[in-house]
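Close look at the chain arrangement
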Amino acid sequence: MSTGRVRTKKKSSATVYDSAPTTSIESPPVRTSVRQVKRKTETEDEEDPSEKKYKKCEKAGCSAPCPVCFASAAERCARNGYTSRWYHLSCGEHFCNECFDHYYRSHKDGYEKYAKWKRIWTGNGKSEPSLKAFMADQQLPYWVQCTKPECGKWRQLTKEFQLTSGFAASYRCGMKLNNIVKTEGPDQCSLPEDMRVAEVSDHWWHSMLIIPPLLKDSPAAPLLSAYYPDCVGMSPSCTSTRRLPPSSNSMKMQNSKSPPNVTVSWMCQYFQPFYQPNECGKALCVRPDVMELDELYEFPEYSRDPTMYLALRNLILALWHTDCKKVLTPKKCAQHIIVRGLVRIRCVQEMERILYFMTRKGLVNTGVLCIDPDGPLLPKDHKKSVVVVGSGPAGLAAARQLHNFGMKVMVLEARDRIGGRVWDDKALGVTVGKGAQIVNGCINNPISLMCEQLGIKMHKLGEKCDLIQEGGRITDPVVDKRMDFHFNAILDVVAEWRKNKTQLQDVPLGGVLTLLGP
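Figured I'd write up the structure that's included with this text. (Residues numbered from 1 in each chain as written. Predicted model: local features only at pLDDT ≥ 70, side-chain atom pairs only at ≥ 80, totals over all residues. Heavy atoms only, no water.)

1. Remarks on the nonpolar core
Residues Tyr309, Ile316, Cys333, Ile337, Met358 and Val364 are the most contacted members of the largest nonpolar core, which totals 68 residues. Put simply, the parts of the chain that give this core at least two residues each are α7 (195-200), α10 (307-322), α11 (330-334) and α12 (343-361). The leading source of residues in this core is α10, at eleven residues. Ranked by size, the runner-up nonpolar core spans 24 residues in total, among them Trp86, Tyr87, Leu89 and Phe95. (Core = buried A, V, L, I, M, F, W, Y, C linked by side-chain atoms within 4.5 Å. Buried < 20%, exposed > 50% of the residue type's maximum accessible area, 1.4 Å probe, protein only. Helix = DSSP H or I, 4+ residues; strand = E, 2+ residues; numbered from the N terminus.)

Given below as structure tokens:
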């Protein structure tokens with residue numbers, strides 16, 4: 001009978017609990033683990049499907065209201081549905097937790113592919129290989145712009161498509177892998193552009209980028225083999241960006257004061273756009289892994305992470321020195337920007353700004369170029385009037401470059417000829433230089449650039465250089481050597497005289513010789 005009372009009391013207790021659910025809270029059993037409680041909570045969540053339609057991105061400031069997985073690698077990929085966590089690469093590019101596990105977990109099918117990429121990245125790059133870097137470098141789809149002037153819309157390619165510069169230069173809306181444009185159905189250019197493209201131009205979009213863009217197959221790769229690819233804006237996973245292994249000879253060259261000039265077969269031997277490691281003191285040469293002060297002043301948004309700027313600047317310099325006879329245009333540069341994801345759109349937009357800056361700086365699009373008057377090198381807001389005094393080499397070069405910028409230029413010269421100290425005489429039927437004719441320091445010399453553009457070959461002077469007298473007679477070598485000795489002795493005396501002088505103005509050599517006496 002006592003058992004019946006106990007049962008009755010329990011039943012009564014249960015009845016009281018059911019009648020007042022809002023004021024009584026049932027505590028979990030004492031022996032229940034946290035894992036069991038979590039599993040029970042997930043089961044209760046599954047009973048309400050209306051709350052599991054989607055989950056927002058946890059990245060603060062992400063504008064994507066409903067993320068969509070671009071990877072679609074796992075069988076249980078969330079796509080545009082629910083996942084326990086969204087991984088953010090940019091505003092508009094996410095992958096789900098199921099695809100994360102597909103590559104990250106060692107028992108999954110995609111792990112071997114991720115591990116192989118990781119070995120290549122670690123052996124060639126300097127940055128830490130992460131799964132987000134793998135997804136950005138290998139899984140994001142390419143974006144390409146339609147080359148029709150009346151269209152210009154950006155289209156997303158399939159994930160399996162490998163973009164090349166040739167395909168980017170000739171792409172039309174609806175073009176497939178075999179370069180055939182789809183003709184059935186409506187005009188492909190009339191289809192609307194993806195809404196995510198408009199957000200890329202906003203100033204805040206770059207700040208929401210998790211992985212900086214690293215270019216594939218950059219033209220600058222052969223010139224930067226001594227650097228880590230990811231330190232100069234290139235992907236370490238490409239075969240063209242394999243870093244040269246350090247050897248004893250290369251270490252000696254790096255420790256020397258004058259490292260050798262690194263050139264390639266398709267570039268002029270007098271061009272060196274980039275410093276090699278531990279090298280300095282060359283004109284018109286830049287560090288490929290560091291922004292200079294004027295660059296930081298012009299592009300302060302890249303001061304924290306200059307990867308995108310370095311990638312585009314190095315690409316522009318390499319393209320210019322590849323073919324300096326033609327004007328380097330934004331269109332030509334854009335087709336060589338090979339990088340996955342929406343960030344390629346941003347790179348193409350930023351590249352135009354960087355190209356104009358480098359043109360103003362005189363690093364590209366300079367020398368003897370034929371410019372269309374209707375298509376100046378700089379935008380139309382640079383139209384001004386300039387007066388250049390003197391028609392020597394410097395004045396003529398400045399006037400030509402300003403004219404190429406789209407400015408109105410007037411050159412004033414007091415003599416009856418142009419050229420200044422460069423004065424050639426053709427009275428004998430051949431060109432004889434009566435003035436400047438020897439180029440000292442040919443690396444990155446503007447004269448070397450103009451000779452390359454005009455197809456003029458420079459001849460290297462050896463130790464023996466005969467002096468020609470009147471009538472075409474060669475000076476006696478003994479007399480030539482004696483004169484050379486006395487001339488160098490005079491220069492040494494003048495240099496010693498200058499050490500004790502405080503004046504900063506230039507003094508003619510003849511005046512100094514008069515003061516010093518015989």
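2. Digging into the packing of helix α3 (residues 97-104) against helix α4 (residues 111-124)
Direction vectors running N to C along α3 and α4 enclose 65 degrees, while the axes themselves pass 6 Å from each other. Taken together, the axes of α3 and α4 lie roughly perpendicular to each other. Between α3 and α4, the residues in contact are His102, Tyr103 and Tyr104 and Tyr111, Lys113 and Tyr114, respectively. Each residue belonging to the contact of α3 with α4 can be placed in one class, and the counts come to four nonpolar, one polar and one charged. (Axes fitted to C-alpha atoms, helices over the stretch in contact; angles between N-to-C directions. Parallel < 35°, antiparallel > 145°, perpendicular 65-115°, else oblique. Contact = heavy atoms within 4.5 Å. Nonpolar A, V, L, I, M, F, W, Y, C, P; charged D, E, K, R; others polar.)

3. Let's talk about the pairing of strand β6 (residues 408-412)
Bridge count between strand β5 (residues 385-389) and β6: five bridges; the pairing is parallel. Bridge pairing in β6 links Val389 to Leu412. Following the backbone out of β5, through helix α13 (residues 393-404) and into the adjacent parallel β6, one traces a crossover that is right-handed. (Pairing = 2+ DSSP bridges. Right-handed = clockwise from strand over helix to strand, strands pointing away.)

4. Section: the side chain of Asp137
Structurally, Asp137 is set in helix α5 (residues 131-139). Those residues within four positions of Asp137 in sequence are excluded, and the remaining contacts are Trp117, Trp121, Lys216, Ser235, Ser237 and Arg340.

5. Observations concerning a nonpolar patch on the surface
A contiguous nonpolar patch, built from Val387, Val389, Met410 and Leu412 and spanning about 410 Å² of accessible area, is present on the exposed surface. Position of Val389 relative to the elements: it lies in strand β5. Take Val389: its relative accessible area is 71%, and that puts it in the exposed class. (Patch = residues over 30% accessible without salt bridge, like charges linked within 9 Å, V, L, I, M, F, W, Y side chains within 5 Å. Areas by Shrake-Rupley, 256 points an atom, 1.4 Å probe, with all protein chains shown as cover. Salt bridge = Lys/Arg side-chain N within 4 Å of Asp/Glu carboxyl O.)

6. Description of the pattern of salt bridges
Per the counting criterion, the structure on display carries 13 salt bridges. In this structure, the salt-bridge partner of Asp101 is Arg105, at a minimum N-O distance of 3.1 Å. Judged by relative accessible area, Arg105 falls into the partly exposed class, the value being 36%. A salt bridge links Lys282 to Glu279; the nearest nitrogen and oxygen atoms lie 2.9 Å apart. Taking the relative accessible area as the measure of exposure, Lys282 reaches 25% and is therefore partly exposed. Take Glu279: its relative accessible area is 7%, and that puts it in the buried class. Taken together, the shared-partner salt bridges connect Glu301, Arg346, Glu350 and Arg353 into one network.

7. A look at unusual backbone geometry
A positive phi angle is found at Asp217, which is not glycine, with a value near 50 degrees. Looking at the element boundaries, Asp217 is found in the loop between α7 and α8 (248-255). Overall, Asp217 belongs to the partly exposed group, its relative accessible area being 48%. Positioned with a positive phi, Asn365 is a non-glycine residue whose angle comes to about 50 degrees. Considering the arrangement of structural elements, one finds Asn365 in the loop between α12 and β5.

8. Section: the packing of aromatic side chains
For the coordinates displayed, the defined rule picks out 15 aromatic pairs. Both rings, one in Phe70 and one in Phe95, keep their centres 6.0 Å apart while their planes meet at 75 degrees; by these two values the pair is edge-to-face. In this pair, Phe70 is assigned in the loop between α2 (34-46) and β1 (86-90) and Phe95 in strand β2 (residues 93-96), connecting sequence segments 25 residues apart. By relative accessible area, Phe70 is classed as buried at 16%. Residue classification places Phe95 among the buried residues on the basis of a relative accessible area of 0%. Ring plane angle 50 degrees and centroid distance 4.6 Å describe the contact between Phe161 and Phe167, whose orientation is recorded as tilted. Residue classification places Phe161 among the buried positions, given a relative accessible area of 8%. Across the ring face of Trp423, the terminal group of Arg417 is positioned such that the distance to the ring centre comes to 4.2 Å. (Phe/Tyr/Trp six-rings, centres within 6.5 Å; stacked < 30°, edge-to-face > 60°. Lys NZ or Arg CZ within 6 Å of the ring centre and 35° of its normal.)

9. Here we look at the environment of Ser63
With respect to the element layout, Ser63 can be found in the loop between α2 and β1. C-alpha of Ser63 to C-alpha of Ser90: the two residues are 27 residues apart in sequence and 9.5 Å apart in space. Dropping the residues within four chain positions of it, Ser63 is found in contact with Cys91, Glu199 and Trp204. Of note is the side chain of Ser63, whose polar atom sits 3.2 Å from the side chain of Glu199. (Polar contact = N/O pair within 3.5 Å; in protein donor to acceptor, adjacent residues only side chain to side chain.)

10. Describing the packing of α10 against α12
The packing of two helices is summarised by the inter-axis angle and the distance between the axes. α12 packs onto α10 with a crossing angle of 60 degrees between their chain directions and a minimal axis gap of 9 Å. Taken together, α10 and α12 sit at an angle that is classed as oblique. Our pair here, α10 against α12, has a crossing hand that is right-handed. Here Met308, Tyr309, Leu312, Arg313, Ile316 and Leu317 of α10 lie close against α12, whose contacting residues are Val343, Arg346, Cys347, Glu350, Met351, Ile354, Leu355, Phe357 and Met358. In terms of residue class, the contact of α10 with α12 is made up of twelve nonpolar, no polar and three charged. (Left-handed = near helix turned anticlockwise from the far one by under 90°.)

11. What to know about the environment of Leu215
Tracing the backbone through its elements, the reader meets Leu215 in the loop between α7 and α8. Placed 14 residues apart in sequence, Leu215 and Pro229 show a C-alpha to C-alpha distance of 9.3 Å.

12. Observations concerning α5
For α5, the buried fraction is high: seven of the nine residues fall into the buried class. Along α5, the residues classified as buried are Leu131, Ala133, Phe134, Met135, Ala136, Asp137 and Gln139.

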